[in-house]
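So you can see what is in the structure, the chains are spelled out below.
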Amino acid sequence: MELVDTHSHLYLEEFKDDLDEVIQRCKANHVNKILLPNVDSSSIESLDKLSGKYPETCYPMMGLHPCYVKENYKEELAIIENKLSTGSYIAVGEIGLDFYWDSTFKRQQIEAFQYQVNLAKKMKLPVAVHCRESFREVVDILKSLKDDSLKGVFHCFT
């Protein structure tokens, strides 16, 4: 049996000291594919480095996580779009809405989510959706943008 971890942030600083051991334990337990969602521009280098080191195991996604949507979200989205157009990413993610911790940037999160869903459709990539305390809003947005090219998974939801 082969297992796929559909959502792991192994490229983050917390895993740097034992990353090789973690990957080996995954393989020993038949987790042969690990999908890596991005969070913002600060994580791209480590995401790309990890997927480059383990190309048969680690598969990168590119997106702006809703908890990282701040004042500079438009600049972040431009970086994300550029990376998607030049890189080998398997999905647009991690994207969505999260009003659990803070809803200060609610309008910006909604705009960023819509923008990234449209990017995914344009690039014919699936989405990895994060949805916390925002289920109705996420579903409404996805329904409004739905067509035959839109596909993906929910990672976090109510």
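The following refers to the structure shown. In this text, all values refer to a predicted model and were calculated from it rather than measured experimentally. (Residues numbered from 1 in each chain as written. Predicted model: local features only at pLDDT ≥ 70, side-chain atom pairs only at ≥ 80, totals over all residues. Heavy atoms only, no water.)

All told, the structure shown has 11 salt bridges when counted by the stated rule. Note that aspartate 98 and arginine 132 form a salt bridge whose closest N and O atoms lie 3.0 Å from each other. With aspartate 98 in strand 4 (residues 92–98) and arginine 132 in strand 5 (residues 127–132), this residue pair connects regions lying 34 residues apart in the sequence. Taking the relative accessible area as the measure of exposure, aspartate 98 reaches 1% and is therefore buried. A relative accessible area of 25% means that arginine 132 is categorised as partly exposed. As a salt-bridge pair, glutamate 111 and arginine 107 come within 3.8 Å of each other at their nearest N and O atoms. Linking glutamate 111 with arginine 107, this pair stays in helix 4 (residues 106–123), spanning 4 residues, or about one helical turn. Note on arginine 107: relative accessible area 54%, which makes it exposed. (Salt bridge = Lys/Arg side-chain N within 4 Å of Asp/Glu carboxyl O. Helix = DSSP H or I, 4+ residues; strand = E, 2+ residues; numbered from the N terminus. Buried < 20%, exposed > 50% of the residue type's maximum accessible area, 1.4 Å probe, protein only.)

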